[in-house]
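# Observations on the model geometry
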Amino acid sequence: MAVTLAIGTAAAAQTRYKPFVLGQKVSGSEAMTKVVSDTRAALAKNGFDVVGQYVPFHNTTIMCATYPEMLDAAGQARHGGFGAVERISITKVHSTWQVSYVNPDYLAVAYGLHPLPKTDAALKTALGAMKVFGSRRGLTRDELKPGNYHYALFMPYFNNVYRARRFPNHAAALTTIRANLARHVAGTSFVYEVNVPGTPKPTTVIGFGIKSGKGGDHHILHIVDAHRYRGYAYLPYEMMVMGRRVIALRPRYRIAVNFPDTSMMGSHGFMNIMSAPGAIRKVIRQVVGRRG
């Protein structure tokens with residue numbers, strides 16, 4: 001038994017994870033509204049609660065959903081709320097709709113969550129699982145987990161969060177953020193709001209899109225993601241209200257962990273979005289009502 005356990009542990013350590021799953025392809029002759037409606041119905045049928053969706057740019061819809069297992073795992077991990085919501089993208093590529101989603105196995109390892117086998121099975125049943133993608137070789141657990149993964153020297157880790165603002169209380173933070181997203185401050189769009197159960201302090205995750213500027217959804221994705229299968233389920237961004245403090249993942253970490261094979265140089269390299277992390281932080285500051 002000890003030998004079997006050791007072999008199983010070693011095998012798990014060498015498993016390679018990739019960030020996205022191509023669930024299915026749908027004929028481009030279908031209207032996007034039909035593909036979105038069918039996707040939403042399939043998710044609901046398999047136990048997901050669709051909490052938001054938006055259209056970041058032409059021929060693309062992003063859908064966000066929660067699942068009981070994900071919420072439970074999120075509430076038990078440090079900063080786990082960033083993994084409380086599953087993201088699904090529906091986008092047309094070369095006259096075919098690609099329905100893709102964040103790989104829950106990748107998300108769980110990267111964000112330090114408990115394994116998500118029920119979430120994974122429910123997604124496969126609802127949307128299919130034609131191919132995992134987003135990295136040629138994938139990353140091992142040791143390469144991906146919090147405290148280990150960073151794109152390069154001096155780049156941030158998962159727990160090096162951006163501390164956006166401290167409010168008098170949780171309610172005040174939510175009131176300010178909701179009002180500013182409703183006004184589309186800094187070109188933002190509200191996508192969802194989800195409370196995370198089981199946390200020491202009241203915790204709420206808010207998803208938002210960025211429609212324009214150097215940190216805009218279109219600007220970033222059309223540079224770093226020009227591959228055959230699109231990882232548009234990278235969107236939307238999240239900020240998390242923990243008690244009275246608002247935090248967010250560092251943009252340089254979040255972009256890199258979703259697109260780990262991206263080169264530094266070249267026409268689709270990170271050098272072309274060097275101003276994006278600062279622009280995203282500025283947007284977050286404006287949404288939380290922070291000056292400067």
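Rules of the game
- Residues numbered from 1 in each chain as written.
- Predicted model: local features only at pLDDT ≥ 70, side-chain atom pairs only at ≥ 80, totals over all residues.
- Heavy atoms only, no water.
- Axes fitted to C-alpha atoms, helices over the stretch in contact; angles between N-to-C directions.
- Helix = DSSP H or I, 4+ residues; strand = E, 2+ residues; numbered from the N terminus.
- Parallel < 35°, antiparallel > 145°, perpendicular 65-115°, else oblique.
- Contact = heavy atoms within 4.5 Å.
- Nonpolar A, V, L, I, M, F, W, Y, C, P; charged D, E, K, R; others polar.
- 1 Å grid on protein atoms, 1.4 Å probe; cavity = no way out; pocket = protein on both sides within 12 Å on 5 of 7 lines; lining within 4 Å.
- Points joined across faces, edges and corners; volume = space filled by probe spheres on them.
- Pairing = 2+ DSSP bridges.
- Patch = residues over 30% accessible without salt bridge, like charges linked within 9 Å, V, L, I, M, F, W, Y side chains within 5 Å.
- Areas by Shrake-Rupley, 256 points an atom, 1.4 Å probe, with all protein chains shown as cover.
- Salt bridge = Lys/Arg side-chain N within 4 Å of Asp/Glu carboxyl O.
- Lys, Arg positive; Asp, Glu negative; His and termini not counted.
- Charge placed at Lys NZ, Arg CZ, Asp CG, Glu CD.
- Buried < 20%, exposed > 50% of the residue type's maximum accessible area, 1.4 Å probe, protein only.
- Phe/Tyr/Trp six-rings, centres within 6.5 Å; stacked < 30°, edge-to-face > 60°.
- Lys NZ or Arg CZ within 6 Å of the ring centre and 35° of its normal.

## Re the packing of helix H9 (residues 251-258) against helix H10 (residues 276-287)
- Here H9 crosses H10 at 120°, and the two axes come no closer than 8 Å. Compared by their axis directions, H9 and H10 come out oblique. Of the residues in H10, those in contact with Pro 251, Arg 252 and Ile 255 of H9 are Pro 277, Ile 280 and Arg 281.
- Looking at the contact of H9 with H10 residue by residue, the classes come out as 4 nonpolar, no polar and 2 charged.

## Thoughts on empty space enclosed by the protein
- Applying the stated criterion to the full structure yields 2 cavities of 30 Å³ or more.
- Reported here for the largest cavity is a volume of approximately 60 Å³.
- The set of elements that each furnish at least two residues to the lining of the largest cavity consists of helix H4 (104-110) and H9.
- In terms of residue class, the lining of the largest cavity is made up of 6 nonpolar, 1 polar and 1 charged.
- Its volume calculated, the second largest cavity comes out at about 50 Å³.
- Taken together, Phe 208, Tyr 237, Glu 238, Ala 248, Leu 249, Pro 251, Arg 254, Ile 280 and Ile 284 make up the full set of residues lining the second largest cavity.
- When residues of the lining of the second largest cavity are traced back to their parent elements, those giving at least two are strand S12 (237-242), H9 and H10.
- The residue makeup of the lining of the second largest cavity, split by class, is 7 nonpolar, no polar and 2 charged.

## Comments concerning the sheet that holds S12
- Judged by pairing direction, the sheet is antiparallel, and its 5 strands sit side by side in the order S9-S13-S12-S11-S10 without closing on themselves. This sheet does not close on itself; its edge strands, each paired only once, are strand S9 (162-166) and strand S10 (188-195). In this sheet, neighbouring strand axes are inclined to one another by 25° on average, regardless of whether the strands run parallel or antiparallel.
- Bridging between S10 and strand S11 (residues 203-210) involves 7 bridges; their strand directions are antiparallel. For Val 194, the partnering residue across the bridge sits in S11 and is Val 205.
- Along the sheet, helix H7 (residues 170-182) contacts S9, S10, S11, S12 and strand S13 (245-248); its crossing angle with S11, the most-contacted strand, is approximately 15°.

## A short note on a positive patch on the surface
- A cluster of like positive charges, contributed by Arg 78, Arg 163, Arg 166, Lys 201 and Arg 244, occupies part of the molecular surface.
- Within the fold, Arg 78 resides in the loop between helix H3 (68-76) and strand S5 (86-93).
- Relative accessible area serves as the criterion here: at 55%, Arg 78 is assigned to the exposed category.

## Quick word on the pairing of S11
- Extensive coverage of S11 is indicated by the burial of 8 of its 8 residues.
- Of the two faces of S11, both are covered, the one formed by Thr 203, Val 205, Gly 207 and Gly 209 as well as the one formed by Thr 204, Ile 206, Phe 208 and Ile 210.

## With respect to the layout of surface pockets
- Empty space within the largest pocket amounts to approximately 310 Å³.
- What lines the largest pocket is a set of 18 residues, among which Gly 134, Ser 135, Asp 225, His 227 and Asp 261 lie closest to the centre.
- At 3 residues, the largest contribution of residues to the lining of the largest pocket is made by strand S7 (residues 131-133).

## Re the packing of aromatic side chains
- Counted according to the given criterion, the structure contains 11 aromatic pairs.
- Seen in terms of ring centroids, Tyr 111 and Phe 158 are 4.9 Å apart; in terms of plane orientation they differ by 25°. Their pairing is stacked. Taken together, the residues span a long stretch of sequence, with Tyr 111 in the loop between H4 and helix H5 (117-127) and Phe 158 in the loop between helix H6 (141-144) and S9 at a distance of 47 residues. There is no split in this pair, since Tyr 111 and Phe 158 are both buried.
- Taken together, the ring pairs connect Phe 20, Phe 133, Phe 208, Tyr 229, Tyr 234, Tyr 237 and Phe 259 into an aromatic cluster.
- Positioned over the ring face of Phe 167 is Arg 165, at 4.2 Å from the centre of the ring.
- Lying over the aromatic face of Tyr 234, Arg 254 brings its terminal NZ or CZ to 4.8 Å of the ring centre.

## Re the sheet that holds strand S4 (residues 60-66)
- Pairing in this open sheet of 6 strands is antiparallel, and the strands run S3-S4-S5-S6-S2-S7 from one edge to the other. A strand with exactly one partner marks an edge of an open sheet, and here the two such strands are strand S3 (49-54) and S7. Looking at each pair of strands side by side, their axes are set apart by 30° on average, direction ignored.
- Taken together, the 6 bridges between S4 and S5 define a ladder with antiparallel strand orientation. In the sheet register, Met 63 faces S5, and the bridge partner there is Ile 88.
- In the packing of helix H2 (residues 32-45) onto the sheet, the strands contacted are strand S2 (20-27), S3, S4, S5 and strand S6 (96-102), and the crossing angle to S4 comes to about 10°.

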